[in-house]
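# Coordinates in review
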Amino acid sequence: MKKKTNNPAITKSYAKKMETISPFELKNKLINMADESIKKIAHTMLNAGRGNPNWIATEPREAFFLLGQFGLCECRHAFSLKEGIAGIPQKAGIAARFEAFLKENEKAPGANLLKEGYNYMLMEHAADPDTLIHEWAESVIGDQYPVPDRILHFTELIVQDYLAQEMCDRRPPKGTFDLFATEGGTAAMCYLFDSLQENFLLNQGDAIALMIPVFTPYIEIPELRRYQFDVTEISADQMTPDGLHTWQYKDEDIDKLKDPRIKALFITNPSNPPSYALSRETTERIINIVKNDNPNLMIITDDVYGTFIPHFRSLMAELPHNTLCVYSFSKYFGATGWRTAVIALHEDNIYDKMIARLSEEQ
Ligand SMILES: Cc1ncc(COP(=O)(O)O)c(C=O)c1O
């Protein structure tokens, strides 16, 4: 006999309705339905799909807030009214004033990182001191629309170096990665899907492959009416002889990518939720498939957890011409609320080549 529930929420039609909502909404509903006493532990368990660190990185914030104080000093240096209005940072002499500010605040939290960052940019990138500090002061104050709007000049240089270190294990490929700053990795995904479609690189109904487990939006977005991609799922279901998950992929499944009808491959690497990076063997296999079978395979790799794997090497390092990499500062810096991420694309890439081959009309 079926057990009858007294909870009107758990009816058949309710369950049906649940099928239509997103995993994040479902998770919130389940937490709300849970008994008060278990809500806290339910929250811990049910939130497993989206990684929100329960720590923050302190030093970058200390440096950021100290830079904010310098920015305000600069605004007041221009002019300051008792009504609470000040000017905007002026470039002439700004680096000298910054150096004096650092001296005065030598012991302040964050001063050391700011000083090291400043020296790094001067030594490694021969940055013009006034141009650099003016960019920093204006951007921390936020008094101008950002120009270039793709990403600020010095921000791009320093993030390129960071990605070379963290995503390429300090062995980046030759050439430069162009970066595009986005409002978090989630916005990066939306821009990527839209941009690929707007540029006729992925059209409605096209075949794509998804390596799963994957961050859930990658499952949901392709199903949207405007995309309706034909999705091949490549599942990390390799097991050990004694029946344990390795969270790696079988060769025969990876070989599905040889089919040139598969235009794009979406990967979360390391995966979410299992947090395993692609094995060296699978990476090599994908490299060979791109070289020999499917040279125009567009690879979109979401590597936001890469910093947690020692010597992590993204597909952006291995297959730079084919890969669009999403990197977010949300996880490693405990900064999910700040919405900061980048999309990286190598200057020499298949996307530009394919766009150049579009028809006149397209
Ligand atoms: C694989 C993956 N990519 C992206 C995100 C979202 O990152 P962001 O906070 O930058 O939007 C998450 C969040 O859990 C994630 O797990």
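Residues numbered from 1 in each chain as written. Predicted model: local features only at pLDDT ≥ 70, side-chain atom pairs only at ≥ 80, totals over all residues. Heavy atoms only, no water.

So, about the environment of Asp 161. Relative to the assigned elements, Asp 161 resides in helix α8 (residues 153–166). Overall, Asp 161 belongs to the partly exposed group, its relative accessible area being 25%. Sequence separation between Asp 161 and Phe 177 is 16 residues, and the spatial gap between their C-alpha atoms is 9.9 Å. In this structure, Asp 161 is in contact with Tyr 120 and His 125, ignoring residues within four places of it in sequence. (Helix = DSSP H or I, 4+ residues; strand = E, 2+ residues; numbered from the N terminus. Buried < 20%, exposed > 50% of the residue type's maximum accessible area, 1.4 Å probe, protein only. Contact = heavy atoms within 4.5 Å.)

Near the ligand lie 16 residues; those nearest to it are Gly 185, Thr 186, Asn 272, Ser 328 and Lys 331. The separation between an oxygen atom of the ligand and a polar side-chain atom of Tyr 305 is 2.7 Å. If you tally residues by element for the shell around the ligand, the top one is helix α9 (residues 184–198), at 4 residues. (Near = heavy atom within 4 Å. Polar contact = N/O pair within 3.5 Å; in protein donor to acceptor, adjacent residues only side chain to side chain.)

If you check α8, its first and last C-alpha atoms are 20 Å apart, about what 14 residues at 1.5 Å a residue would give, namely 20 Å. By the burial criterion, the buried members of α8 are Phe 154, Glu 156, Leu 157, Val 159, Gln 160, Tyr 162, Leu 163, Ala 164 and Glu 166. Close packing links the buried residues of α8 with α6 (111–125), α7 (129–141), β3 (177–182), α13 (315–318), β8 (323–328) and β9 (341–346). (Expected span 1.5 Å × (residues − 1).)

The next subject is the pairing of strand β4 (residues 207–212). Counted residue by residue, β4 has 6 buried out of 6 residues, so it is predominantly covered. Covered by surrounding structure in β4 are Ala 207, Ala 209 and Met 211 together with Ile 208, Leu 210 and Ile 212, the residues of both alternating faces. With 4 bridges joining them, β4 and strand β6 (residues 262–268) adopt parallel strand pairing. Within the sheet, the bridge partner assigned to Ala 207 lies in β6 and is Ile 262. (Pairing = 2+ DSSP bridges.)

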